[in-house]
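For reference, the chains in residue letters:
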Amino acid sequence: MLNIDLHCHSTISDGLLTPSRLIEHAALRGVEVLALTDHDDVTGLVEARIAAREKNITLINGVEISVTWRGRTLHILGLGIDPEYLPLQQGLASIRAGRVERARNIAAQLDRYGITGSFEGAYAFAGDGRLIGRTHFARFLVAKGHAKDVRSVFKKYLIKGKPGYAPHQWATLAEAIGWIRGSGGQAIIAHPARYQLGKNVLEALLNEFCELGGVGLEVISPSHTPDQINLFAHHAQRLNLFASCGSDYHGPGESYFDLGQLPPLPAGCIPVWHDWKIELALS
Ligand code: AMP
Ligand code: MN
Ligand code: MN
Ligand code: MN
């Protein structure tokens with residue numbers, strides 16, 4: 001069976017491995033097809049492509065775009081995008097600019113809570129500083145001893161209702177899907193079970209997503225229970241959407257799934273790579 005993993009992060013966003021190290025790790029894990037899907041940034045794809053060629057891995061150009069839909073944050077994956085497409089690049093740059101503003105708001109709230117220096121502190125964990133996110137705040141807070149690990153620091157400080165949470169307006173669903181489609185890519189809803197949408201709201205999202213030209217659901221994700229995998233496999237089949245699979249790998253010690261260590265898609269799903277005209281490295 002093809003070893004394919006279509007969701008992971010490098011140091012360009014909030015992963016722990018550089019794009020080259022990530023590819024090396026993927027090769028060790030036997031991954032044959034890998035999509036690098038950094039949050040709101042496509043810069044890592046150049047380095048990843050060079051490394052992937054060396055390791056005989058088929059690299060899919062990807063991105064994970066932050067979206068606000070009906071007041072909720074959603075993540076939309078773009079697969080097979082053209083990273084040079086200007087509207088996509090400009091859109092992502094504006095999201096990253098918004099991240100700096102949000103980071104100031106997060107830091108101001110943590111200040112009020114008595115935790116100072118978190119803006120600079122988070123940036124110290126943010127690689128070359130192109131993109132700042134909550135994970136960088138999480139790593140800073142752990143380093144300062146405010147929690148034992150990244151997972152618990154989110155629960156204590158960084159999720160809605162906690163002292164370090166700042167609401168934020170991301171791109172619209174229409175913008176994200178428009179940039180992805182305009183660049184020749186496929187738009188996929190990342191980890192759909194994570195948003196905990198009720199039946200009606202989920203139906204509204206799926207309908208709007210399809211109308212806007214979205215083509216797939218990430219069925220296999222570490223965020224999903226076996227029941228949720230089956231539920232979203234069912235939704236994908238019902239709506240003629242492709243099914244995708246990804247580890248959402250962020251690096252050693254911070255992820256539930258290792259790269260390429262994914263359960264198979266449920267029977268009856270049409271994989272998102274069904275029509276891809278790529279030379280699959282080893283298949
Ligand atoms: P941001 O886009 O900056 O709001 O950060 C979102 C990222 O934070 C996700 O992609 C995950 O990497 C991480 N994250 C979100 N929620 C959690 C959580 N409960 N535990 C650990 N990491 C989380
Ligand atoms: Mn992340
Ligand atoms: Mn995500
Ligand atoms: Mn992700």
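Residues numbered from 1 in each chain as written. Chains lettered and ligands numbered in written order. Predicted model: local features only at pLDDT ≥ 70, side-chain atom pairs only at ≥ 80, totals over all residues. Heavy atoms only, no water.

Caption draft 1: Broad picture of the coordination of the manganese ion (ligand 4). Here the manganese ion (ligand 4) is held by His7 (NE2), His9 (NE2), Glu64 (OE) and Asp248 (OD), and the distances to it run 2.1 to 2.2 Å. When the donors of the manganese ion (ligand 4) are listed by position in the chain, the intervening gaps give H-x1-H-x54-E-x183-D. The distance between the manganese ion (ligand 4) and the manganese ion (ligand 2) is 4.6 Å. A residue pair is termed long-range when its members are at least 10 positions apart, and histidine 9 in the loop between β1 (4-5) and α1 (19-28) and glutamate 64 in strand β3 (residues 58-69) qualify at 55 residues. Look at glutamate 64 and you get buried, because its relative accessible area is 1%. (Donors = N, O, S within 2.8 Å, 3.2 Å for Na, K, Ca; no water. Helix = DSSP H or I, 4+ residues; strand = E, 2+ residues; numbered from the N terminus. Buried < 20%, exposed > 50% of the residue type's maximum accessible area, 1.4 Å probe, protein only.)

Caption draft 2: Region of the structure containing the coordination of the manganese ion (ligand 3). Bound to the manganese ion (ligand 3) on the protein side are Glu64 (OE), His75 (ND1) and His191 (NE2), at distances that span 2.1 to 2.2 Å. When the donor residues of the manganese ion (ligand 3) are listed from N- to C-terminus, their spacing reads E-x10-H-x115-H. Here the manganese ion (ligand 2) and the manganese ion (ligand 3) are spaced 5.7 Å from one another. Highlighted residues: histidine 75 in strand β4 (residues 72-79) and histidine 191 in the loop between β5 (186-189) and α8 (199-211), separated in sequence by 116 residues. Taken individually, histidine 75 and histidine 191 each receive the classification buried, so the pair is uniform in this respect.

Caption draft 3: A look at the sheet that holds β3. Across the sheet, which stays open at both edges, the 7 strands sit in the order β1-β2-β3-β4-β5-β6-β7 with mixed pairing between neighbours. Sheet topology places β1 and β7 (242-245) at the edges, where each strand pairs with a single neighbour. Contacts from α8 reach β3, β4, β5 and β6 (216-220) within the one sheet, and its direction differs from that of β5 by about 175°. This element, helix α9 (residues 226-238), spans β6 and β7 of the sheet and lies at about 155° to β6. (Pairing = 2+ DSSP bridges. Contact = heavy atoms within 4.5 Å. Axes fitted to C-alpha atoms, helices over the stretch in contact; angles between N-to-C directions.)

Caption draft 4: Here's a closer look at the environment of alanine 190. Along the chain, alanine 190 falls in the loop between β5 and α8. Those residues in contact with alanine 190, other than ones at most four positions away along the chain, are His7, Glu64, His75, Leu77, Tyr195 and Glu218.

Caption draft 5: Up close: the site of ligand 1. Around ligand 1 lies a shell formed by Asp14, His39, Arg99, Arg102, Gly133, Arg134, Thr135, Phe154 and His250. Across the complex, the protein chains shield 79% of the 500 Å² of accessible surface that ligand 1 would expose by itself. Here the shell around ligand 1 is built from residues that sort into 1 nonpolar, 4 polar and 4 charged. (Near = heavy atom within 4 Å. Areas by Shrake-Rupley, 256 points an atom, 1.4 Å probe, with all protein chains shown as cover. Nonpolar A, V, L, I, M, F, W, Y, C, P; charged D, E, K, R; others polar.)

Caption draft 6: Looking closely at the side chain of serine 118. Relative to the helices and strands, serine 118 resides in helix α4 (residues 118-123). Every residue in contact with serine 118, bar those within four places of it in the chain, is listed here: Ala107, Leu110, Phe137 and Phe140.

Caption draft 7: Representation of the pattern of salt bridges. Scanning all chains against the criterion turns up 9 salt bridges. Ionic pairing is found between glutamate 24 and arginine 21, a salt bridge with its closest N-O pair at 3.7 Å. Here glutamate 24 pairs with arginine 21, and both are found in helix α1, just 3 residues apart, close to one helical turn. When its relative accessible area of 37% is taken as the criterion, glutamate 24 is described as partly exposed. Arginine 21 gets classed as partly exposed once you look at its relative accessible area, which sits at 48%. Aspartate 40 is the partner of arginine 99 in a salt bridge, and the nearest nitrogen-oxygen pair spans 3.0 Å. With arginine 99 in helix α3 (residues 86-112) and aspartate 40 in the loop between β2 (33-36) and α2 (44-55), the pair connects residues that are 59 residues apart, well separated along the chain. Residue aspartate 40 is classed as buried on the basis of its relative accessible area of 0%. What you see here is one network of salt bridges that share partners, running through Asp41, Arg96 and Arg130. (Salt bridge = Lys/Arg side-chain N within 4 Å of Asp/Glu carboxyl O.)

As far as function goes, none of this settles anything; it's purely spatial.
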